[in-house]
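Listed below are the residues making up each chain.
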Amino acid sequence: MIIRVLTAGALALALSGLSQFAAADTSKAICEFYNHGEMKKDRTGPCTVARDGDEMEIELYKGKTYTFKPEEKRNGRYIDQDGNRLAEEKDASWKYTYKWKNQRLIVMYPGD
């Protein structure tokens, strides 16, 4: 009986910490993040992209997460978790670039 209660409690605690994107469509990709435009590549490596409808969450391998929500009236434009506007560019069927301020995030889907 005690084990059942502890197991149920542990499961509830684990599920309460899941992201809103936990049940979303997720893909593995390679990401390159440039913090100052074209000059310096700050983070490169595997990343996870989760889509839930039009919203997107990109988690870089070092733990940094970006959340993008589409702008209401502008196709191909998003707003990040800090309220900054960004543009999406599709360079190929497997490569997407998200640009905002002096930052750029390139997401490449291998095997597509």
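Refer to the structure printed above.
These notes cover the structure that comes with them. What you see is a predicted model, and the numbers here were worked out from it, not measured in a lab.

Calculation criteria
- Residues numbered from 1 in each chain as written.
- Predicted model: local features only at pLDDT ≥ 70, side-chain atom pairs only at ≥ 80, totals over all residues.
- Heavy atoms only, no water.
- Helix = DSSP H or I, 4+ residues; strand = E, 2+ residues; numbered from the N terminus.
- Buried < 20%, exposed > 50% of the residue type's maximum accessible area, 1.4 Å probe, protein only.
- Lys, Arg positive; Asp, Glu negative; His and termini not counted.
- Salt bridge = Lys/Arg side-chain N within 4 Å of Asp/Glu carboxyl O.
- Polar contact = N/O pair within 3.5 Å; in protein donor to acceptor, adjacent residues only side chain to side chain.
- Contact = heavy atoms within 4.5 Å.
- Core = buried A, V, L, I, M, F, W, Y, C linked by side-chain atoms within 4.5 Å.

Structural notes on the side chain of D80
Turning to step 1, where the next piece is worked out: Note that D80 resides in strand β5 (residues 77–80).
Turning to step 2, where the next piece is worked out: Despite being buried, D80 has no salt bridge partner; K101 is the closest side chain of opposite charge, sitting 6.9 Å away.
Turning to step 3, where the next piece is worked out: Polar contacts involving the side chain of D80 include one to the main-chain amide nitrogen of D82, which spans 2.9 Å.
Turning to step 4, where the next piece is worked out: Leave out the neighbours within four places in its chain, and D80 touches T67, F68, L86 and W100.

Some remarks on the nonpolar core
Soluble globular proteins: nonpolar side chains tend toward being buried together.
Turning to step 1, where the next piece is worked out: If you look at the biggest cluster of nonpolar residues, it comprises 18 residues, and the most contacted ones within it are I58, L60, F68, Y98, W100, L105 and V107.
Turning to step 2, where the next piece is worked out: Within the residue set of this core, elements represented by two or more residues are β1 (25–34), β2 (41–52), β3 (55–60), β4 (65–70), β7 (95–100) and β8 (103–108).
Turning to step 3, where the next piece is worked out: Excluding anything up to four places from it in sequence, Y98 contacts R51, M56, I58, F68, Y78, L86, A87, E88, Q103, R104, L105 and V107.

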